[in-house]
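# Tertiary structure, described
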Amino acid sequence: MKEAILDIKGLTVEYRSDSKTIRAIDNMNLTVYKGEVLGIVGESGCGKSTLAMSILNLISSPGYIKDGLIIFDKDINVLRLNEEELNRFRWEKISMVFQAAQNTLNPVTKISEQLNDVISSHPGVNTDIKERVVELCKLVRLDPERVLNVYPHQLSGGMKQRVAMVMALMLEPPLLILDEPTTALDVLTQKQILEILKELHEVKNMAMIFITHDLSIVAEIAERIAIMYAGKIVELASIDEIFYNPKHPYTKGLLKAAPSIVGDIESLVSIPGSPPDLSSLSRGCRFSNRCPFTKDICKEAEPLLTEVLSDHLVACHRWREINE
Amino acid sequence: METLLRSFSIIYKNKTAFVGFIILLLFIFMATIGPMLVPLETSAHPEEMFQPPSIKHILGTDYAGRDIFDEIIHGSRSVLIVGALSALISVSISVLIGIPSGFIGGFTDWILMRITDIFLTIPSLPLLVVLAAFIRIGNPLIMSLVLSLTSWPGLARAIRSQSLSLRERDFIEAARVSGLSSMRIVFSELLPNMASYIAISAIFAITQAVYAQVGLFFLGLAPFTSINWGVMLNFAVSQAGALYSSRSVSYLLSPIVCISLLQISSVLFVRALEEIFNPRLQR
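Here is a short report on the structure shown in this document. Throughout this description, residue numbers start from 1 for each chain and increase along the sequence as written. Going through the entries in the order they are written, you letter the chains from A and number the ligands from 1. pLDDT decides what is reported in this predicted model: residues at 70 or higher carry local features, side-chain atom pairs at 80 or more are listed and counted, and totals for whole chains, interfaces and linings draw on all residues regardless.

## A short note on the overall build of chain A
Strands are runs of DSSP state E lasting at least 2 residues, helices are runs of H or I lasting at least 4, and numbering of each runs from the N terminus. Broken down by element type, chain A carries 12 helices and 12 strands. Here the globule rule is a power law, 2.2 Å times the number of residues to the power 0.38, and the radius of gyration is based on C-alpha atoms. For chain A, the C-alpha radius of gyration of 20 Å lies close to 20 Å, the compact-globule estimate for 324 residues. Residue burial here comes from a neighbour count, namely the number of other C-beta atoms, placed from the backbone, that lie within 10 Å of the residue's own C-beta, with 20 or more meaning buried, 12 or fewer meaning exposed, and in between meaning partly exposed. In chain A, which comprises 324 residues, the share counted as buried stands at 41%. A separation of at least 24 residues holds for 65% of the contacts in chain A among residues at least 6 apart in sequence. A pair of residues counts as a contact when their C-beta atoms, built from backbone coordinates, are within 7 Å of each other.

## Describing the sheet that holds strand β4 (residues 63–72) of chain A
Residues and elements named next belong to chain A. If DSSP finds at least two bridges between two strands, the strands pair. Strands sit in the order β2-β1-β4-β5 across an open sheet of four strands; the sheet is antiparallel. Edge positions in the open sheet fall to β2 (21–33) and β5 (76–77), since each of these has one partner strand only. Relative to β4, strand β1 (residues 4–16) is paired through eight bridges, and the arrangement is antiparallel. Bridged to Ile 8 within β4 is Ile 70.

## Re the interface of chain A and chain B
With 24 residues of chain A in contact, the opposing surface of chain B contributes 18 residues. Looking at the side of chain A that touches chain B residue by residue, the classes come out as 12 nonpolar, nine polar and three charged. Each residue is assigned to one of three groups, with Ala, Val, Leu, Ile, Met, Phe, Trp, Tyr, Cys and Pro labelled nonpolar, Asp, Glu, Lys and Arg labelled charged, and all others, Gly among them, labelled polar.

## Brief notes about the environment of B:Leu155
Residue and element names in this part refer to chain B. Here Leu 155 lies in helix α7 (residues 140–167). C-beta crowding within 10 Å serves as the criterion here: with 26 such atoms nearby, Leu 155 is assigned to the buried category. Distance in space between the C-alpha atoms of Leu 155 and Ser 201 is 7.5 Å, their sequence separation being 46 residues. Beyond its immediate chain neighbours, meaning those up to four positions away, Leu 155 contacts Ser 90, Val 91, Ser 94, Ser 201 and Ala 205.

## Section: the nonpolar core
With 143 residues, the main nonpolar core has A:Val166, A:Ile227 and A:Ile233 as its most contacted residues. Ranked by residues supplied to this core, first place goes to helix α9 (residues 182–218) of chain B with 14 residues. For A:Val166, the residues in contact, after removing those within four places along its chain, are A:Val133, A:Leu136, A:Cys137 and A:Val140. Nonpolar cores are built from buried Ala, Val, Leu, Ile, Met, Phe, Trp, Tyr and Cys residues. These are joined into a set through C-beta atoms within 7 Å. Counting 10 residues, the second-largest nonpolar core is a separate cluster that includes B:Ile10, B:Ala17, B:Ile276 and B:Phe277.

## Let's talk about the sheet that holds strand β10 (residues 232–238) of chain A
Residues and elements named next belong to chain A. The eight strands are arranged β6-β7-β8-β3-β9-β10-β12-β11 in an open sheet whose pairing can be described as mixed. The open sheet has two free edges, formed respectively by β6 (94–97) and β11 (306–309), since each of these has just one partner strand. Taken pair by pair, the neighbouring strands of this sheet meet at an average axis angle of 25°, ignoring direction. Angles shown run from 0 to 180 degrees and are taken between the N-to-C directions of axes, each axis being a line fitted to C-alpha atoms and, for helices, limited to the stretch in contact.

Here's what the structure looks like:
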């Protein structure tokens, strides 16, 4: 039996503005297992980054976690930790590589000082820091001597991204969240970063949550994929199932909208319409106004995420009819 | 030590800043050990009044026959002390008010900014006049306090908006994710990013304080306890009638030139400060 490292139950996150409340994540259940790579895919604004932030209890005003439970490693209730415990929890248990990691480095301090800052704010982590940093630099293919004694602006974008990865790995957390870690990079660097991540996963065997909007990227690295749409998970399955046996019409749409390398050049089909306004949701399925298979029931009731095949969860009323 | 050497090399490479730095050093030298080298003649020498510049009196003599050069040297000390001290006080206050205000936000921000607003609306010159009537602004410390009382609010607002915008930057968020405490974020992320701004503001605060102080003495609002460039200006106009007679041109111009030089050198020096604190500008 696989052991869970992170258990999210009934998570609901909202953002409040003067006139309306936006429900960015709605009643989400998700389990991440030890040592696995889970990809989270969805279009912009579907709540992927909000999810990452809530896992670290970092949602700040005007956002707030309305409801839910986040359990790390069976006994840490993340949402119940106090300020000091949170500071220890973050980075020691879960660390993160950000979207546009180049902006996450302080522009006026040297890389080595920034690494030291992180280490010294986690007392009790007894590791030989210098050796560890050098080892990690080699792992992400950086020359430690070239990188450590300079300021961030003296490095290239890909190098900064890798420095951010070194930073994230310094305390060897059991879970690493990667929030679109390759989005701001060119294709070649993307490829390189993915290879490094794969290698890291093999060497350290840490669990990873890989957030992206690009299916082709998670295809390279993830074992399971969760497809998110408008604050909900609509389909959750292993990578092969998602690519070769998708059940949800949104997943099918996403796959059709991504170019394929093999086979004939098909014309790409985009999904018509745009995601619903998260501040005024109707009762039914969130995808119903864009779904080609919408029927009355889709407008009436919200479909639940149910296991339709073993380890394959779909939230759709009509998945059976559609896939016949 | 390494940082110090690096700073010097930056100043040396930047020619304009280097000129400013040298002039500033001369003034500091003048104010610290100058008075020990040149004794101040306080008694009047009626037989030598209004002498033009000569070898004996480099800048000539004033209405009482005293050496102007001596007076300039002895007058520099209080000008520099008050300038530096009042800049230090007003920058400290504005950092202490501005950073929590911008970084914490919410109610803290509201209350601190209302206090700042109150001080911001106080017109500085009338306040100084009123204060001068009640307090004996004799020693440099009280003088600096009075001057910084009205100079900090603007700077505090600027520092608040700086930390407000820095707070939203990704690297602050990243620092929070990596478990740095708020205190630590302020000291190792926020302050280093504002250092150049604060340093530059401090230099401008010095120039402001110098003007304000000289102005107070010139208007006769502060008691003349010791010789000072402002006092010299006051005497040049009121006692020596510099506005009406060409005999005391040197007496009037000497402090003016010194004040201007001090201000210009500060402004030139600022250019190097920017480079020192912002690694992106370094070559």
